[in-house]
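Analysis of the macromolecular model
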Amino acid sequence: MKFYIVDDEHDLYRSMFADLLNMNDSDVSELPKFRKLPQVLNRLRLLHFNDRINRHLWLPGKSLWNSLYYLSNFEFDEKEVYWIIFLNGTLRNYYPLNYLKKIKQKHKNLKLAMIMYDSLSNKSTKRAVEKISAFDKVFSFDKGDCEKMGFEYIYSTFSVPHGVSVDGQYKTDAFFIGAAENRLPMLQKTLKKVSEFHKKCEFRIVGVSNEEKKYEEIITYNQKLSYEEVLMYSYNTDCLIEVVRPGQTGVSLRTCEAIVFNKKLLTNNKEIKKMPFYNPEYIYVFENKEDIKGEFLLNPINVDYGYDGWFSPMEIIKRLRKEV
């Protein structure tokens, strides 16, 4: 049985899946979206599939690229079983449904798996959901979506990074970074409340208009960080802040980082109380800003979750091996 993960072409993806991408296992490897294209053609491809453009104006003619997908030119061994693994973000603009169905019809030994890292409450999942009928397995980090759609539940995916270190430049009492997306007022109120207890905070929100900005003395708006920098902030903070979107029950990467790096976690995700790594000494669940107490934020404590690989991408491969 062979497993191929389709390259999502983002630094975050490479970090999340590092455990698999770096392992010495000939049965697990990465698959590019497209075969090697001339530079001019690749630039045209990036423009045609540009997410920012297609989010507002769906550019037609994407089927013209079907023959250039790497899968179209892959030499499958008829005696082998193949799992091709896609992240839902990859399916937002790439791989039309009819393309996926045709390639499965052509190769009967080919199976497709999708991993949903966004809740169905997030509009960005719409095009991925429309392609579910082509998939043999769908995993989701959101338990509510799993119960509703019949997906298989995973906590999230996070590979333990090896490039983080203690660095005073990134040292904070509390850290948050994320997009506004349907939760801006809650984010602003939460971060303002935390800042009343902690003075050394790093709070960043992207996707905010000038009219929506508040508390600019404590919140930095619309300035992105590389994920390497995010990891350094998470590794050097005392407390990570998680504010999930309305309707989301799955854990975010901030939770993964808190568990792996042994940090306090302040979250509004009530579902975390049902998870095996939940410890009320280290994790404080709030519903509104009035619930946030200084005792939790200010109390010095030696945090140790006893991380046991809950988020490793290797878990996905283990489960798929059992499917055939």
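Keep in mind that what you see is a predicted model, and the values were worked out from it rather than measured. (Residues numbered from 1 in each chain as written. Predicted model: local features only at pLDDT ≥ 70, side-chain atom pairs only at ≥ 80, totals over all residues. Heavy atoms only, no water.)

**Points about the pattern of salt bridges**
- Applying the stated criterion across every chain yields a total of 19 salt bridges.
- We note a salt bridge from arginine 45 to glutamate 9, for which the minimum N-O separation is 3.2 Å. In this pair, arginine 45 sits in helix α3 (residues 39-48) while glutamate 9 sits in the loop between β1 (2-6) and α1 (11-16), placing the two residues 36 residues apart along the sequence.
- When its relative accessible area of 5% is taken as the criterion, arginine 45 is described as buried.
- Taking relative accessible area as the criterion, glutamate 9 reaches 37% and is therefore assigned partly exposed. (Salt bridge = Lys/Arg side-chain N within 4 Å of Asp/Glu carboxyl O. Helix = DSSP H or I, 4+ residues; strand = E, 2+ residues; numbered from the N terminus. Buried < 20%, exposed > 50% of the residue type's maximum accessible area, 1.4 Å probe, protein only.)

**Some points on helix α9 (residues 227-236)**
- Across the ten residues of α9, seven count as buried, placing the element largely inside the fold.
- Every buried residue of α9 is listed here: Tyr227, Val230, Leu231, Met232, Tyr233, Ser234 and Asn236.
- At its buried positions, α9 is contacted by α1, β7 (172-179), β8 (201-206), β10 (237-242) and α10 (253-261). (Contact = heavy atoms within 4.5 Å.)

**Observations concerning the pairing of β7**
- Among the eight residues that make up β7, eight are buried, leaving the element largely enclosed by the rest of the structure.
- Sheet analysis places β7 next to β10, joined by three bridges and oriented parallel. Looking at β10, one finds that alanine 174 is bridged to cysteine 239.
- Traced from β7 through helix α8 (residues 184-195) to β8, the parallel crossover comes out right-handed. (Pairing = 2+ DSSP bridges. Right-handed = clockwise from strand over helix to strand, strands pointing away.)

**A closer look at a nonpolar patch on the surface**
- A contiguous nonpolar patch, built from Leu44, Leu47, Ile53 and Leu57 and spanning about 360 Å² of accessible area, is present on the exposed surface.
- Looking at the secondary structure, you find leucine 47 in helix α3. (Patch = residues over 30% accessible without salt bridge, like charges linked within 9 Å, V, L, I, M, F, W, Y side chains within 5 Å. Areas by Shrake-Rupley, 256 points an atom, 1.4 Å probe, with all protein chains shown as cover.)

**Looking at the environment of lysine 200**
- Topologically, lysine 200 is positioned in the loop between α8 and β8.
- What makes lysine 200 partly exposed here is its relative accessible area of 44%.
- As for lysine 200 and asparagine 288, which are separated by 88 residues in sequence, their C-alpha atoms are 22 Å apart.
- Residue contacts for lysine 200: discarding those within four places in its chain leaves Lys171, Thr172, Asp173 and Ala174.
- Within polar-contact distance, the side chain of lysine 200 engages the backbone oxygen of lysine 171 at 3.5 Å. (Polar contact = N/O pair within 3.5 Å; in protein donor to acceptor, adjacent residues only side chain to side chain.)

**With respect to the sheet that holds strand β2 (residues 28-31)**
- Pairing in this open sheet of six strands is parallel, and the strands run β2-β1-β3-β4-β5-β6 from one edge to the other. The open sheet has two free edges, formed respectively by β2 and β6 (152-153), since each of these has just one partner strand.
- Along the sheet, helix α12 (residues 314-321) makes contact with β1, β2, β3 (82-87), β4 (110-116), β5 (137-140) and β6, crossing β5 at roughly 150°. (Axes fitted to C-alpha atoms, helices over the stretch in contact; angles between N-to-C directions.)

**Quick look at the sheet that holds β10**
- Pairing within the open sheet is parallel, and its six strands lie in the order β9-β8-β7-β10-β11-β12. Pairing within the sheet leaves two strands with one partner each, and these edge strands are β9 (219-221) and β12 (283-285). Sheet twist, expressed as the mean angle between neighbouring strand axes with direction ignored, is 20°.
- Pairing of β7 with β8, which is carried by six bridges, proceeds in the parallel orientation.

**Brief notes about the state of the cysteines**
- For the structure on display, the rule yields zero disulfides.
- Free cysteine cysteine 201: the closest other cysteine sulfur is in cysteine 239, separated by 9.2 Å.
- Cysteine 146 provides the cysteine sulfur closest to cysteine 256, a residue in no disulfide bond, and the two sulfurs are 15 Å apart.
- For cysteine 256, a relative accessible area of 0% corresponds to the buried category. (Disulfide = S-S within 2.5 Å.)

So, to be careful, I would describe these as geometric facts and stop short of saying anything about function.
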